[in-house]
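# Secondary and tertiary structure notes
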Amino acid sequence: MELETAVRFRAPFTCVIGNDGSWGQIRNPQLSVGGEARAVATSLPSTRYDLMVEALGGRGALVTDPKDLGPALERALASDEVWCINCLLDPAAYRRTGQVSMAI
């Protein structure tokens, strides 16, 4: 709700959310160790945080393709408004790349 406060005080603010639709830093190790059956309560819907911020009076952008992130950031940083850039990530990406951190 910090974004609501920023809107209310007209503070220029840009928030970028890496939205993997899960508690990724918890879910991914659980999947690695115990499989899907042991990944308890870690899946979430791909929440539209961008729309939430718009409902609060700010601006939002949904990014589903990495090539769209740069233009979204340029628009947000060039304005004096509150922005939420909601980047939908692949929650399984780290398993394909061999990385053990957040999905990218």
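The present account deals with the structure reproduced in this document. Computed from a predicted model, the values in this text were never measured in an experiment.

### Quick look at unusual backbone geometry
The phi dihedral of Arg-10 falls on the positive side, at around 50°, and the residue is not glycine. Following the sequence through the fold, Arg-10 ends up in the loop between helix 1 (2–8) and strand 1 (13–19). The exposure class of Arg-10 is exposed, given its relative accessible area of 72%.

### Section: the environment of Arg-48
Take Arg-48: it is sitting in the loop between helix 2 (24–34) and helix 3 (49–55). Once the C-alpha coordinates of Arg-48 and Leu-88 are considered, the two residues, 40 residues apart in sequence, prove to be 9.3 Å apart. Arg-48 has contacts with Leu-62 and Asn-86, leaving out every residue within four places of it along the chain. Of note is the side chain of Arg-48, whose polar atom sits 2.8 Å from the side chain of Asp-50.

### Quick notes on the layout of surface pockets
Approximately 170 Å³ is the volume attributed to the second largest pocket. If you trace the second largest pocket, you find 10 residues lining it, with Thr-64, Asp-65, Pro-66, Leu-88 and Leu-89 closest to the centre. A breakdown of the residues in the lining of the second largest pocket according to their chemical character gives seven nonpolar, one polar and two charged.

### Some details on the nonpolar core
Counting residues in each nonpolar core, the largest one holds eight residues, listed as Leu-3, Ala-6, Val-7, Cys-15, Ile-17, Val-53, Val-82 and Cys-84. At the level of secondary structure, the elements contributing two or more residues to this core comprise helix 1, strand 1 and strand 3 (82–88). Here this core takes three residues from helix 1, the largest share from any one element. The residues contacting Ile-17, other than those within four sequence positions of it, are Tyr-49, Cys-84, Ile-85, Asn-86 and Cys-87.

### A few points about the side chain of Asp-50
Mapped onto the elements of the fold, Asp-50 is located in helix 3. Since its relative accessible area comes to 2%, Asp-50 is described here as buried. Ignoring anything within four residues of it in the chain, the contact list for Asp-50 reads Gly-60, Ala-61, Leu-62, Cys-84 and Asn-86.

### Quick look at the state of the cysteines
Throughout the structure, instances matching the rule amount to zero disulfides. Distance from the sulfur of Cys-84, which forms no disulfide, to the nearest cysteine sulfur (Cys-15) is 4.9 Å.

### Digging into the pattern of salt bridges
Tallied over the entire structure, the rule returns five salt bridges. A salt bridge links Glu-4 to Arg-8; the nearest nitrogen and oxygen atoms lie 2.8 Å apart. In this pair, Glu-4 and Arg-8 are both assigned in helix 1, four residues apart and thus about one turn of the helix distant. Arg-8 sits in the partly exposed class, given a relative accessible area of 48%. When the shortest N-O distance is used, the salt bridge between Asp-68 and Lys-67 registers 3.9 Å. You can call Lys-67 exposed: its relative accessible area is 60%. One continuous salt-bridge network, built from bridges that share partners, spans Asp-65, Lys-67 and Asp-68.

What counts, and at which threshold
Residues numbered from 1 in each chain as written. Predicted model: local features only at pLDDT ≥ 70, side-chain atom pairs only at ≥ 80, totals over all residues. Heavy atoms only, no water. Helix = DSSP H or I, 4+ residues; strand = E, 2+ residues; numbered from the N terminus. Buried < 20%, exposed > 50% of the residue type's maximum accessible area, 1.4 Å probe, protein only. Contact = heavy atoms within 4.5 Å. Polar contact = N/O pair within 3.5 Å; in protein donor to acceptor, adjacent residues only side chain to side chain. 1 Å grid on protein atoms, 1.4 Å probe; cavity = no way out; pocket = protein on both sides within 12 Å on 5 of 7 lines; lining within 4 Å. Points joined across faces, edges and corners; volume = space filled by probe spheres on them. Nonpolar A, V, L, I, M, F, W, Y, C, P; charged D, E, K, R; others polar. Core = buried A, V, L, I, M, F, W, Y, C linked by side-chain atoms within 4.5 Å. Disulfide = S-S within 2.5 Å. Salt bridge = Lys/Arg side-chain N within 4 Å of Asp/Glu carboxyl O.

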